[in-house]
Amino acid sequence: MDEEIKKGTRVRLCNGAKGIITGTTSNFNFPLYDIQLQSGKTVTEARYRFDIIESQSQTPFTNFYSQQTTVNSLLNSPVLQQPRNSQLESDFLLAQILQNEIENEEPEIENVEPEIENVEPEIENEAPEIETVQTTNISKENEKSKNSTRFANAKVDDDDIEFFCQEQTNQNTNRKTVSDMKILNEFMNSALDDTRDICVNQPRELNSIICKFLINVRTKSGTEYESTSVKGMISSFDRYLRANNYGTAIKKGDIFDQARRVLTAKIMDLKKLGKGNKPNKAQAVTDEEMDRLFNTGQMGMEHPDALLRMMWFQKTVHFGRRTVTEHVNMKWGDIKLCTSKSGTQFLQYSERATKTRTGANPGNVRDVPPRS
């Protein structure tokens, strides 16, 4: 069911954060929405990740528009609208208007001065005590300035925490979760006539739904999925339930024991059909093929495209860069020229986060850095 959601619509995310729709994108014909949170940050979410808020209230941009209106009122002043001989004369008139605005506020400041004068004798009598307090305040300010360097930003709200966690999540994993959830929702809608979110179902009901899904799921062309694809779907369902605090995991919960047994039986059945042999596995490049790439000018120093292909190929072979993200995230200084004890020079790569070494496990590092 297509639902038209306009820009400016106020929504509430699953975690309770509120925001405004600022735009839409598409991923495999599946709509995604750009949402600007109240904290000022923007996240991209699928439709089932938020609810539309019917009540309207003041938007975060009200202050900006009010300030812009004040500036426009000064610029549209009748005095400035009269024809002038030069830009300098117009600028001088604008300066006069701003000066008049400042002069109009001066009497309020003058009215406060007598009260300050009446307090001065008391301040002089208590001068020694004030000096002690000032010394204490200065020491506290110095202590605060020292502590401020230890913490980046103490003003962190719940939206910032959720955004920080989502920012560290692999975007390909997020897209895979959205795609698999779309398949499950399509199955529930067409086969079970159920349009509810899976989190609404009780664990026993959800266990039955997943079992029926594993037995009946097929590709768009009607063929069976590969066994790794089916296992990946279960992982996506588990991630979605965990993100929505469902409380019971499909891979570990006792209630989902039947679903796990059906998954094992499904993989065994797919193996009998010849699935699970990884037909799309990449083949190693032979020496003859590498020589042909250089001899035909596909890689080399002849033109910029050939140079880029050669650098990409060399980083993949010698430093183990596989995905596009790993290549793009390389920074100046990651590769250093080193010299061994015997005097041999070599290149050494200081590895950042990769597909298999995300940094979540600090102990999962290479014993020997990638070298060439």
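Residues numbered from 1 in each chain as written. Predicted model: local features only at pLDDT ≥ 70, side-chain atom pairs only at ≥ 80, totals over all residues. Heavy atoms only, no water.

Focus: the packing of helix 7 (residues 171-190) against helix 9 (residues 227-243)
And then number 1: Where helix 7 meets helix 9, the closest approach of the two axes is 9 Å, and the angle between their N-to-C directions is 100°. Judged on the interaxial angle alone, helix 9 and helix 7 are roughly perpendicular. Counted together, T173, K176, T177, D180, M181, I183 and L184 of helix 7 and G232, M233, S236, F237, R239 and Y240 of helix 9 form the full contact between these two elements.
And then number 2: Taken together, the residues of the contact of helix 7 with helix 9 break down into six nonpolar, four polar and three charged. (Axes fitted to C-alpha atoms, helices over the stretch in contact; angles between N-to-C directions. Helix = DSSP H or I, 4+ residues; strand = E, 2+ residues; numbered from the N terminus. Parallel < 35°, antiparallel > 145°, perpendicular 65-115°, else oblique. Contact = heavy atoms within 4.5 Å. Nonpolar A, V, L, I, M, F, W, Y, C, P; charged D, E, K, R; others polar.)

Some remarks on the pairing of strand 4 (residues 42-46)
Note on strand geometry: in a regular strand, side chains alternate between the two faces of the sheet.
And then number 1: By the bridge criterion, five bridges tie strand 3 (residues 30-37) to strand 4 in an arrangement that is antiparallel. Across the sheet, residue I35 finds its bridge partner in strand 4, namely V43.
And then number 2: Between strand 3 and the antiparallel strand that follows it, strand 4, lie four residues; G40 among them carries a positive phi value of about 100°. (Pairing = 2+ DSSP bridges.)

As for the nonpolar core
Grouped burial of nonpolar side chains is what soluble globular proteins tend to show.
And then number 1: Core analysis: the biggest nonpolar cluster contains 26 residues, and L184, I198, I210, F213, L214 and F237 have the highest contact counts within it.
And then number 2: At the level of secondary structure, the elements contributing two or more residues to this core comprise helix 7, helix 8 (203-216), helix 9 and helix 10 (257-272).
And then number 3: With residues near it in sequence (within four places) discarded, L184 still touches I198, I209, F213 and F237.
And then number 4: If you look at the next biggest cluster of nonpolar residues, it comprises 11 residues, including V11, I21, Y33 and L37. (Core = buried A, V, L, I, M, F, W, Y, C linked by side-chain atoms within 4.5 Å. Buried < 20%, exposed > 50% of the residue type's maximum accessible area, 1.4 Å probe, protein only.)

Brief notes about the pairing of strand 3
And then number 1: Bridge count between strand 2 (residues 18-27) and strand 3: eight bridges; the pairing is antiparallel. Counterpart to T24 in the pairing with strand 3 is Y33.
And then number 2: Here strand 2 folds back onto strand 3, and the loop between the two strands holds two residues, one of which, F28, carries a positive phi near 55°.

Focus on helix 10
And then number 1: Taking 1.5 Å as the rise per residue, helix 10 with 16 residues should run 22 Å; its terminal C-alpha atoms sit 23 Å apart, in good agreement.
And then number 2: Among the structural elements, helix 8 and helix 9 are those in contact with the buried residues of helix 10. (Expected span 1.5 Å × (residues − 1).)

Details of helix 9
And then number 1: The terminal C-alpha atoms of helix 9 lie 25 Å apart, and with 17 residues this matches the ideal 24 Å at 1.5 Å per residue to within 8%.
And then number 2: Those residues of helix 9 that fall on the buried side of the exposure criterion are S227, V230, G232, M233, I234, S235, S236, F237, D238, Y240 and L241.
And then number 3: Elements in contact with the buried residues of helix 9: helix 7, helix 8 and helix 10.
And then number 4: With its phi angle positive at about 55°, N245 sits one or two positions after the end of helix 9.

Structural notes on the pattern of salt bridges
Pairs can form between side chains of opposite charge whenever their charged atoms are close.
And then number 1: The tally for this structure, following the rule as stated, stands at seven salt bridges.
And then number 2: Ionic pairing is found between K176 and D180, a salt bridge with its closest N-O pair at 2.4 Å. In this pair, K176 and D180 are both assigned in helix 7, four residues apart and thus about one turn of the helix distant.
And then number 3: Judged by its relative accessible area of 4%, D180 is buried.
And then number 4: Among the salt bridges present, the one from R218 reaches E224, with a minimum N-O distance of 3.1 Å.
And then number 5: Judged by relative accessible area, R218 falls into the partly exposed class, the value being 35%. (Salt bridge = Lys/Arg side-chain N within 4 Å of Asp/Glu carboxyl O.)

With respect to the sheet that holds strand 4
And then number 1: In space, the five strands of this open sheet follow the order 4-3-2-1-5, with antiparallel pairing throughout. Unpaired on one side and paired on the other, strand 4 and strand 5 (50-52) mark the two borders of the sheet. Taking the axes of each pair of neighbouring strands and ignoring which way they run, one obtains an average angle of 45° across the sheet.

Details of the packing of aromatic side chains
And then number 1: Applying the stated rule across the entire model yields five aromatic pairs.
And then number 2: Each ring, one from Y48 and one from Y240, has its centre 5.2 Å from the other, and the planes form 65°; the classification is edge-to-face. You can see Y48 sitting in the loop between strand 4 and strand 5 and its partner Y240 sitting in helix 9, a full 192 residues away along the chain.
And then number 3: A ring pair is formed by F187 and F213, whose centres lie 5.6 Å apart and whose planes are at 75°; its orientation type is edge-to-face. Here F187 is found in helix 7, whereas its partner F213 is found in helix 8, with 26 residues between them in sequence. When sorted by exposure, F187 lands in the same class as F213, which is buried.
And then number 4: Taken together through their ring pairs, the aromatic side chains of F187, F213 and F237 make up a single cluster. (Phe/Tyr/Trp six-rings, centres within 6.5 Å; stacked < 30°, edge-to-face > 60°.)

Considering the packing of helix 8 against helix 10
Between two packed helices, what matters for the description is the angle formed by their axes and the separation of those axes.
And then number 1: Interhelical geometry of helix 8 versus helix 10 gives an angle of 5° and a closest axis separation of 8 Å. Considering their axes alone, helix 8 and helix 10 lie roughly parallel with respect to each other. Listed contacts from helix 10 to N207, I210, C211, L214 and I215 of helix 8 are D257, Q258, A259, V262, L263 and K266.

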